[in-house]
Amino acid sequence: MDYSTNKRKSTNNKKVVAVVGGGLVGALNACFFAKRGFQVEVFESREDIRRAKIVKGRSINLALSHRGRQALKHVGMEDTIVSNGIPMHSRMIHSLNGTQSPIPYGKKGQYILSVDRANLNKELLSAAEMYPNANLNFAHKLLDWNTETGAMTFVRVDGAKEEIQADLIVGCDGAFSAVRKQFLRQSRFNYSQTYIPHGYLELTMPPVNGEFAMKPNHLHIWPRNTFMMIALPNLDKTFTCTLFMPFDKFEKITTGNQVIDFFQEYFPDAIQLIGVDALKRDYFRLPAQAMVSVKCSPYHLGDKCVLMGDAAHAVVPFYGQGMNAGFEDCLVFNEIMDQLNEDFSAVLPEYTRIRVPDDHAIADLAMYNYVEMRAHVNSKWFLFQKYVVNF
Ligand code: FAD
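In this text, all values refer to a predicted model and were calculated from it rather than measured experimentally.

(A) Local environment of the overall build of the chain. A count of helices and strands for the chain gives twelve helices and 19 strands. Taking the principal axes of its C-alpha atoms as reference, the chain extends roughly 65 × 45 × 40 Å. Per-residue burial for the chain yields a buried fraction of 42% across its 391 residues. For the chain, the share of sequence-separated contacts (at least 6 apart) that also reach a separation of at least 24 residues comes to 70%.

Here you go:
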């Protein structure tokens, strides 16, 4: 089926850009392309998360920093997102004896923001939908696409298949990108994927008497040599605590009492704040999740397709820069579109040339920090610095 027989809103004469993936980067990218006047079609495998009761994501909240904000600003979304974020002026280091020491992120007044992932995604989808030249197509999972014709094959929830054509395919479909599959078949495409031995698990710290259980304007960190816990505040006055730990250590803890013993040894101050019963229960609610680092190059295929966000560079989360770098991808691409008059045959290679070294540097820095952390298990001061300086 040709795209033109599939269109859902009236189109203009502009080229059609298909954004595959309506996650954080895809939704923002849709705004960028729509703002330029392209006919934008977003294809997202999930149902519309704005109507879903439970939204599955890779973390409840995340840290938004300068590079991400710059991209949001460009499409007029910075204020909306910032007003729903909680400023974190410093890391608050929790030592084993319960002492808390703040380390500022920068000069007075500088901060990063804790934002709710689901809300951020919903806001960006709604912003994209406001453009009359943008369509959101949910429950459309990309199966494959043809590099010769550019035709994409999607499968719907009922199993029906749909073939759609676009002038440009923008792969924003995350770390396990289906768009990227075709790149793997190309000569001179470099690709590497590394799973780290650590996993992560999220726990909720409820409010106490309607107020945050800890000081809210900090990113709380419990550095503990080979593992650590962090906590970011949420608007409902809870904290989401994330425990990063080697999988084999997760696997050794199999009962509620073992969870409490473990916390008693390493995070004693967090036990009462999370609650004994909640800890025993929530620790086993979901298995620890894996973390993968993906690097590839080039980011484009001819003048037809380009990768952005985690599809191009999934990074381990120890720098808090994965989404921020993905947002910056959109901004950089947009700048190159200005410079090269939206000529895809020139813009795409230039985007690869400019962006690959920067994204690879972020992936390396994130991985370096993780490796250094393991290599210096006995140097508490070193670890302290590592976590403190980089997260
Ligand atoms: P995703 O968020 O993975 O979105 C991809 C979208 O594509 C999804 O909606 C998916 O449903 C859809 N999709 C997938 N396959 C298909 C298909 N075949 N067809 C159609 N649609 C498809 N980053 C930060 O900047 N700051 C942080 O503090 C931070 N904390 C993190 C904490 C953890 C524990 C983790 C795991 C990551 C963290 N990150 C952080 C990284 C951040 O989550 C990612 O970089 C970000 O989600 C990337 O966005 P994306 O849109 O590229 O990919």
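(B) Highlighting the domain arrangement of the chain. Once the domains are mapped, the chain shows domain 1 (3-89 + 112-193 + 292-375) and domain 2 (195-289). Here the C-alpha centroids of domain 1 and domain 2 sit 30 Å apart. Secondary-structure elements contributing two or more residues to the side of domain 1 that touches domain 2 are β3 (61-64), β4 (86-88), β7 (112-116) and α11 (344-375). For the side of domain 1 that touches domain 2, the element with the most residues is β4, which contributes three residues. The class makeup of the residues in the side of domain 1 that touches domain 2 is eight nonpolar, five polar and two charged.

(C) Structural view of the site of the ligand. By nearness alone, 34 residues border the ligand, and Gly21, Gly23, Gly174, Gly309 and Gly322 come closest of all. Of all elements in the fold, only α1 (24-35), β3, β9 (141-145) and α10 (322-339) reach the threshold of two or more residues within the shell around the ligand. If one sorts the elements of the shell around the ligand by residue count, α10 sits on top with four residues. When grouped by side-chain class, the residues that make up the shell around the ligand number 14 nonpolar, 14 polar and six charged.

(D) Fine view of the sheet that holds strand β5 (residues 90-94). The sheet built from seven strands is open, its strands ordered β6-β5-β14-β15-β16-β13-β17 with mixed pairing. At either end of the open sheet lies a strand with only one pairing partner, and these are β6 (100-104) and β17 (289-297). This sheet shows a mean twist of 30° between the axes of neighbouring strands, independent of strand direction.

(E) Main features of the nonpolar core. Ranked by size, the top nonpolar core spans 102 residues in total, and within it Ala18, Leu28 and Ala128 carry the most contacts. For this core, the leading source of residues is α1, giving nine residues. Apart from the residues lying within four places of it in its own chain, the contact partners of alanine 128 are Ala27, Ala30, Cys31, Ala34, Val42, Ala134 and Leu136.

(F) The arrangement of the sheet that holds strand β1 (residues 16-20) in detail. Judged by pairing direction, the sheet is mixed, and its six strands sit side by side in the order β8-β2-β1-β12-β19-β18 without closing on themselves. This sheet does not close on itself; its edge strands, each paired only once, are β8 (134-137) and β18 (300-301). On the sheet, helix α4 (residues 117-129) packs against β2 (39-43) and β8 and is oriented at approximately 135° with respect to β8.

(G) Structural view of the packing of helix α2 (residues 66-74) against α10. In contact at an axis separation of 7 Å, α2 and α10 are set at 45° when each is read in the N-to-C sense. Classified by the interaxial angle, the pair formed by α2 and α10 is oblique. Once α2 is placed against α10, the crossing between them reads as left-handed. Taking contact as the criterion, the partners of Arg67, Gly68, Gln70, Ala71, Leu72 and His74 in α2 are, on α10, Met323, Asn324, Ala325, Phe327, Glu328, Cys330, Leu331 and Asn334. Within the contact of α2 with α10, the residues separate by chemical class into seven nonpolar, five polar and two charged.

(H) α4, seen in detail. Taking 1.5 Å of rise per residue, the 13 residues of α4 would be expected to cover 18 Å, and the 18 Å separating its terminal C-alpha atoms lies within 8% of that figure. All buried positions along α4 are accounted for by Leu120, Asn121, Glu123, Leu124, Leu125, Ala127 and Ala128. Elements in contact with the buried residues of α4: α1, β2, α3 (78-83), β7 and β8.

Definitions and cut-offs
- Residues numbered from 1 in each chain as written.
- Predicted model: local features only at pLDDT ≥ 70, side-chain atom pairs only at ≥ 80, totals over all residues.
- Helix = DSSP H or I, 4+ residues; strand = E, 2+ residues; numbered from the N terminus.
- Buried ≥ 20, exposed ≤ 12 C-beta atoms within 10 Å, placed from the backbone.
- Contact = placed C-beta atoms within 7 Å.
- Domains from an automatic or database assignment.
- Nonpolar A, V, L, I, M, F, W, Y, C, P; charged D, E, K, R; others polar.
- Near = placed C-beta within 6 Å.
- Pairing = 2+ DSSP bridges.
- Axes fitted to C-alpha atoms, helices over the stretch in contact; angles between N-to-C directions.
- Core = buried A, V, L, I, M, F, W, Y, C linked by C-beta atoms within 7 Å.
- Parallel < 35°, antiparallel > 145°, perpendicular 65-115°, else oblique.
- Left-handed = near helix turned anticlockwise from the far one by under 90°.
- Expected span 1.5 Å × (residues − 1).

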